[in-house]
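Now for the letters of each chain:
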Amino acid sequence: MYLPSSRRRFLRNFTLGAAGLWVPGAFAEALTLTPKQTEGPFYPINLPLDTDNDLIRLNDSLTPALGEVTHLSGKVTDVQGNPIRNALVEIWQVDHNGVYLHKDSGNAEKRDSNFQGFGRFMTGSSGEYYFRTIKPVRYPGRTPHIHFAVKMKGRDKWTTQCYIKGEPQNETDGVIQGIKDEIQRTSVIVDFAPLPGVTTGELAARFDIVMGFTPAA
Ligand SMILES: [Fe+2]
């Protein structure tokens, strides 16, 4: 059904208002800016041959990576929730043995050669990204985490990290605790929860990224 835009706006406002959710101006400050965090030393020097968003299978390999399969998704937006498209989201993390795809990684000889270690996803108009990866494990000196970089044309590379809710080491991790704002610090610690309706033990995690600029219309 066609509705003139003023009518559509009225309906939306009416619906949200009736549910007690809509307050004029509230959306403008509703989202917490995702804190920028260090890139760290383990961004791959040589990218893997496969850089897609499925980290548990390299190219057409029949053998998947070991670890707890995790469906990691989220949305890249500005503080008002407007989706940011054409953002290249990159992740890199350790395999199930705590080893990076990097020559300087500890325990390099134990690296799972079936784990891609790095992946990329370009956001579309919804701002959403998606990766299939594994739940990160701890390695000496750090609580488990996944590194993120967001690259956009004409902007500096921006990096952050996300963490697993309930990990005791979060309390003492130097990078997390370096985020001084409590709300921002909490915003990068997310649930890795069993995927509903699935009995294979797969997990889902959602990490939204809120950037401090407004996308061009
Ligand atoms: Fe790291």
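As the structure is a prediction and not an experimental result, all values here were calculated from the model.

Caption draft 1: Molecular detail of the packing of aromatic side chains. Using the criterion set out here, one finds nine aromatic pairs in the structure. When the ring of Phe42 is compared with that of Tyr139, the centres are 6.4 Å apart and the planes differ by 90°; the resulting orientation is edge-to-face. Here Phe42 is found in the loop between α1 (5-18) and β1 (69-78), whereas its partner Tyr139 is found in the loop between β4 (128-134) and β5 (145-151), with 97 residues between them in sequence. Judged by centre distance (6.4 Å) and plane angle (70°), the rings of Phe121 and Phe131 are edge-to-face. Of the two residues, Phe121 sits in strand β3 (residues 118-122) while Phe131 sits in strand β4, which places them 10 residues apart along the sequence. Taken together, the ring pairs connect Phe121, Tyr129, Phe131, Phe148 and Phe207 into an aromatic cluster. For Arg155, the ring lying beneath its charged end belongs to Phe213, and the centroid distance is 3.5 Å.

Caption draft 2: Expanded view of the nonpolar core. Within the largest apolar cluster, 34 residues are counted, with the highest numbers of intra-cluster contacts made by Leu72, Tyr129, Phe148, Phe207, Ile209 and Met211. Elements represented by at least two residues in this core include exactly β1, β2 (88-92), β4, β5, β6 (158-164), β7 (189-190), β9 (203-206) and β10 (209-211). Element by element, the count of residues in this core is highest for β6, at four residues. Not counting the four nearest positions on each side in its chain, Phe148 is found in contact with Leu72, Val89, Glu90, Ile91, Trp92, Tyr129, Trp158, Thr159, Thr160, Cys162, Phe207 and Ile209. Among the nonpolar cores identified, the runner-up in size contains eight residues, and Trp92, Val94, Phe118 and Tyr139 belong to it.

Caption draft 3: Spotlight on the environment of Ile84. With respect to the helices and strands, Ile84 occurs in the loop between β1 and β2. Taking the relative accessible area as the measure of exposure, Ile84 reaches 0% and is therefore buried. With 126 residues separating them along the chain, Ile84 and Val210 place their C-alpha atoms 9.3 Å apart. Once residues within four sequence positions are removed from consideration, Ile84 is found in contact with Val76, Thr77, Asp78, Thr123, Gly124, Gly127, Met152, Met211, Phe213 and Pro215.

Caption draft 4: Main features of the sheet that holds β7. The five strands are arranged β3-β2-β5-β6-β7 in an open sheet whose pairing can be described as mixed. Both edges of this open sheet fall to β3 and β7, since each of them pairs with a single strand only. Examined bridge by bridge, β2 and β3 share five bridges and lie antiparallel to one another. Bridge pairing links Val89 to Phe121 in β3.

Caption draft 5: Inspection of the pattern of salt bridges at higher detail. According to the stated counting rule, one finds 10 salt bridges in the structure shown. Here Arg132 makes a salt bridge to Asp54, at a shortest N to O gap of 2.9 Å. Here Asp54 lies in the loop between α1 and β1 and Arg132 lies in strand β4, a separation of 78 residues in the sequence. Residue Asp54 is classed as buried on the basis of its relative accessible area, which comes to 17%. The closest approach of N and O atoms between Arg138 and Glu167, which form a salt bridge, is 3.1 Å. Residue Arg138 is located in the loop between β4 and β5, and its partner Glu167 is located in the loop between β6 and α2 (174-177); the two are separated by 29 residues in the primary sequence. Overall, Arg138 belongs to the partly exposed group, its relative accessible area being 45%. The buried category is assigned to Glu167, whose relative accessible area is 16%.

About the thresholds
Residues numbered from 1 in each chain as written. Predicted model: local features only at pLDDT ≥ 70, side-chain atom pairs only at ≥ 80, totals over all residues. Heavy atoms only, no water. Phe/Tyr/Trp six-rings, centres within 6.5 Å; stacked < 30°, edge-to-face > 60°. Helix = DSSP H or I, 4+ residues; strand = E, 2+ residues; numbered from the N terminus. Lys NZ or Arg CZ within 6 Å of the ring centre and 35° of its normal. Core = buried A, V, L, I, M, F, W, Y, C linked by side-chain atoms within 4.5 Å. Buried < 20%, exposed > 50% of the residue type's maximum accessible area, 1.4 Å probe, protein only. Contact = heavy atoms within 4.5 Å. Pairing = 2+ DSSP bridges. Salt bridge = Lys/Arg side-chain N within 4 Å of Asp/Glu carboxyl O.

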